[in-house]
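Each chain, written out:
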Amino acid sequence: MKTRQIIWVLMALLAAMPASAKKKQQKPLGDREYWCQQAYKMAQSVLENMAKGELQQNMLTEFSPSFDNRNRKVVYMETFGRLMAGIAPWLAAPAVSSEGGEYAQVQQLRQWALASYKNAVDPESPDYLCWGVSGQNLVDAAYIAESFVRGYDALWVPLDTLTKQRYIHEFKRLRTIEPPYTNWLLFSALIESFIAKAEGLKEYDDFRVMMTIRKVEEWYVGDGWYADGPDFAFDYYSSYVFHAMYLETLQNMIDAHASTRIEYQKYYDRALKRAQKFAIILERFISPEGTFPVVGRSTPYRLAAMQPLALMAWYDKLPQDLSRGQVRAALTQVMHRMYDEQDNYNAGGFLTIGFCGHQPETADWYTNNGSLYMTSLSLMPLGLPADHPFWTCEAEPWTQVKAWGGQPFPKDHRWADDIQTRDRW
């Protein structure tokens, strides 16, 4: 058979091949390319619609079967704030190249995001968010503020003066909301510390920051864990809120050059060590198959459970027991296990309620499908440039792969909270 005939036969066979088989024939994506694919898929439906003022018109929403009587418009603020908190580092990352698919993705998402930020506080926009209609708004305003913290130069600085003024106005209006005596204190503190950084020390509420810092210190129970208020709960709220927002509150106060009774740098250094210890715990939770324990409330937040591990990777502050290669490999495997085969999106391209797929029964009374965009918090290492060693180093087996594969692995141990007692740093 002639060469040309062989080529045509092969082309015909390829055309007749089932789609699933073709997918198997495709070259596998690199880790960063795969992460970018997941981030873009998660963000596109939200930001493309909101940039045009059409999110509230077009979003296919879903609410917990036991959802309470709060204003259901909170779903849009939850969607936008939580998504942006997760992808802000990526949209603010230094560009290595002005070519390629990732560059185009980031440029498009950043353009949509800036337009969405403007619509979120414009009373004339159909996508003006429901600021102040529910206590829930305090939570998601904090995630919007957190997105500004994580992408300050790329997402806050470019906003026009009026839009910035509107945000500060809306943030201050939320002072009328009394937070529960739990992790919610950090939502107030994060917002106020951002105001201190962006607008100056005369503009923020010092008491809300100081009281929160004191309480978070009281609620630290050791070895990387925080209690959610006076009582300890074995769940992932140390991941969802405590470690990240506490570090960011302290860093905002350092950036604002605040002078109070709190030694912010000392507190920050101690909080960082706690987050590093918790990152070790989270990495050890990841099984050889890429699963992790499903415990506590708010499980539909999915990979938000891994936020401190992702945060330490983005900060480039992983503890010495965790190599970049094993952390990237572990998180990538969890993403494959969670996203590749399960039905995590509805027909409109928005996340569905569930942990690994559509599982409405996992919802708590406060859960809607906007809540689920917390899973984007695991994507923060995309804030590292593509040529950073986190992305270029070889993938390595993570702790449970080593342990269950008969390989040497480091022992775990308690970390004392006194920084001076550790010589490992």
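Look up: the structure comes first, before these words.
These figures come from a predicted structure and were not determined experimentally.

Participant: Before we go on, may I ask you to explain the packing of aromatic side chains in this structure?
Facilitator: Aromatic rings in a pair are described by how distant their centres are and how their planes are angled relative to each other. Under the criterion given, the structure shown has 34 aromatic pairs. Here tyrosine 143 and phenylalanine 187 contribute two aromatic rings whose centre-to-centre distance is 5.9 Å and whose plane-to-plane angle is 50 degrees, an arrangement assigned as tilted. Here phenylalanine 187 lies in helix H10 (residues 184–199) and tyrosine 143 lies in helix H7 (residues 136–150), a separation of 44 residues in the sequence. Each member of the pair, tyrosine 143 as well as phenylalanine 187, is classed as buried. With a centroid separation of 5.6 Å and 40 degrees between ring planes, the pair formed by tryptophan 314 and tyrosine 315 is classed as tilted. Classification of tyrosine 315 as partly exposed rests on a relative accessible area of 25%. What links up through ring pairs into an aromatic cluster is the set Phe80, Tyr117, Trp131, Phe148, Tyr152, Trp156, Tyr167, Phe171 and Phe194. Sitting over the ring of phenylalanine 63, arginine 72 keeps its end group 4.4 Å from the ring centre. A cation over a ring is seen here: arginine 270 above tyrosine 267, with NZ or CZ 4.8 Å from the ring centre.

Participant: Can you help me understand helix H9 (residues 161–173) in this one?
Facilitator: Since there are 3.6 residues in each turn of an α-helix, residues three or four apart along the chain are aligned in direction. For H9, spanning 13 residues, the distance from its first C-alpha to its last is 18 Å, which sits close to the expected 18 Å at 1.5 Å a residue. Looking only at H9, the buried set comprises Thr163, Tyr167, Ile168, Glu170 and Phe171. What you see down the axis of H9 is that its buried residues fit within an arc of 165 degrees, all on one side. Turning to H9, the residues buried within the fold contact helix H5 (74–91), helix H6 (101–120), H7, helix H8 (152–156) and H10. Structurally, the start of H9 carries an N-cap: the backbone nitrogen of leucine 162 is 3.2 Å from a side-chain oxygen of aspartate 160.

Participant: What should I look at first to understand the nonpolar core in this one?
Facilitator: The nonpolar side chains of a soluble globular protein tend to be buried, and buried together. Counting 141 residues, the largest nonpolar core has Leu47, Tyr167 and Phe171 as the members making the most contacts within it. It is H5 that provides the largest number of residues to this core, a total of 12 residues.

Participant: Just to check I follow, could you spell out H5 for this structure?
Facilitator: Taking 1.5 Å as the rise per residue, H5 with 18 residues should run 26 Å; its terminal C-alpha atoms sit 25 Å apart, in good agreement. At alanine 85, H5 shows its maximal bend, which comes to roughly 40 degrees, and the proline proline 89 appears one to four places after that position. The element H5 is largely enclosed, with a buried count of 18 among its 18 residues.

Participant: Looking at this model, I keep getting lost on the pattern of salt bridges. Mind explaining?
Facilitator: Where charged atoms from two side chains of opposite charge come close, those side chains can pair. For the coordinates displayed, the defined rule picks out 22 salt bridges. The salt bridge involving arginine 173 is made with glutamate 170; its shortest N-O contact spans 2.7 Å. Within this pair, arginine 173 and its partner glutamate 170 are both found in helix H9, separated by three residues, close to a single helical turn. For arginine 173, a relative accessible area of 38% gives the class partly exposed. A salt bridge links arginine 274 to aspartate 417, with the nearest nitrogen and oxygen atoms 2.8 Å apart. Separated by 143 residues along the polypeptide, arginine 274 in helix H13 (residues 264–285) and aspartate 417 in the segment after helix H17 (399–404) bring together distant segments of the chain.

Participant: Would you mind showing me how to read unusual backbone geometry here?
Facilitator: With glycine set apart, most residues show a phi of negative sign, and most peptide bonds adopt trans. In this structure, aspartate 223 takes a positive phi of about 55 degrees despite not being glycine. Inspection of the secondary structure assignment puts aspartate 223 in the loop between strand S1 (220–222) and strand S2 (225–226). For aspartate 223, a relative accessible area of 24% puts it in the partly exposed group. Of note, the phi angle at histidine 257 is positive, near 60 degrees, even though the residue is not glycine. By the secondary structure assignment, histidine 257 is in the loop between helix H12 (237–255) and H13. Judged by relative accessible area, histidine 257 falls into the exposed class, the value being 66%.

Participant: Would you mind going over the packing of H7 against H10 with me for this structure?
Facilitator: In helix packing, the relevant descriptors are the interaxial angle and the interaxial distance, both defined with respect to the helix axes. Between H7 and H10, whose axes approach to 9 Å, the crossing angle comes to 45 degrees. Judged by the angle between their axes, H7 and H10 are oblique. The two elements H7 and H10 cross, and the hand of that crossing is left-handed. For the pair H7 and H10, contact is made by Gln136, Leu138, Val139, Ala141, Ala142, Tyr143, Ala145, Glu146, Phe148 and Val149 and by Trp184, Phe187, Ser188, Leu190, Ile191 and Phe194, respectively.

Participant: What is the right way to look at the environment of proline 230 in this model?
Facilitator: Relative to the helices and strands, proline 230 is located in the loop between S2 and H12. On the accessibility criterion, proline 230 (56% relative accessible area) is exposed. For the pair formed by proline 230 and glycine 200, sequence separation is 30 residues and the distance between their alpha carbons is 32 Å. With residues near it in sequence (within four places) discarded, proline 230 still touches Tyr181 and Trp219.

Participant: Explanation requested: a nonpolar patch on the surface in the structure shown.
Facilitator: On the surface, a nonpolar cluster with roughly 300 Å² of combined accessible area is contributed by Val221, Phe232 and Phe234. Within the element layout of this structure, phenylalanine 234 appears in the loop between S2 and H12.

Parameters at a glance
Along each chain, numbering runs from 1 in the same order as the chain's sequence is written. With pLDDT at 70 or above as the cut-off, local features in this predicted model cover only qualifying residues; side-chain atom pairs require 80 or more to be listed or tallied, and sums for whole chains, interfaces and linings still use all residues. Hydrogens and waters are ignored; side-chain quantities use all the structure's heavy atoms. Under the pairing criterion, centres of Phe, Tyr and Trp rings, with the six-membered ring standing for Trp, must be within 6.5 Å; the plane angle then separates stacked pairs below 30 degrees from edge-to-face pairs above 60, leaving the rest tilted. Under the DSSP-based scheme used, a helix requires at least four consecutive residues in state H or I and a strand at least two consecutive residues in state E, with every element numbered from the N terminus. Relative accessible area decides the class of each residue, using a 1.4 Å probe on protein chains only: under 20% of the type maximum gives buried, over 50% gives exposed, and in between gives partly exposed. Our definition puts a charge over a ring when NZ of Lys or CZ of Arg is within 6 Å of the ring centre and also within 35 degrees of the ring normal. To estimate the expected span of a helix, subtract one from its residue number and multiply by 1.5 Å. The arc in question is formed by the directions pointing from the helix axis toward the C-beta atoms. In what follows, residue pairs with any heavy atoms lying within 4.5 Å of each other are defined as contacts. Identification of polar contacts relies on pairs of N or O atoms within 3.5 Å, with a donor-acceptor requirement for protein atoms, meaning one able to donate a hydrogen and the other able to accept it, and with residues adjacent in sequence counted only if both atoms are side-chain atoms. Among buried residues, the Ala, Val, Leu, Ile, Met, Phe, Trp, Tyr and Cys ones that are joined through side-chain atoms within 4.5 Å form a nonpolar core. Think of it this way: the bend at a residue is just the angle between two axes, each fitted to seven residues, one set ending at that residue and the other starting at it. Salt bridges are counted wherever a side-chain nitrogen of Lys or Arg sits within 4 Å of a carboxyl oxygen of Asp or Glu. Axis definition: a line fitted to C-alpha atoms, over the contacting stretch in the case of helices. Angles run 0 to 180 degrees between N-to-C directions. Convention used here: angles under 35 degrees read as roughly parallel, angles over 145 as roughly antiparallel, angles from 65 to 115 as roughly perpendicular, and any remaining angle as oblique. Crossing handedness follows the turn of the near helix against the far one: under a right angle anticlockwise gives a left-handed crossing, and clockwise gives a right-handed one. Candidate patch residues must exceed 30% relative accessible area and have no salt bridge, after which like charges are joined if within 9 Å and Val, Leu, Ile, Met, Phe, Trp or Tyr side chains if within 5 Å. Accessible surface area values rest on a Shrake-Rupley calculation with a 1.4 Å probe, where residue burial reflects the displayed protein chains alone.

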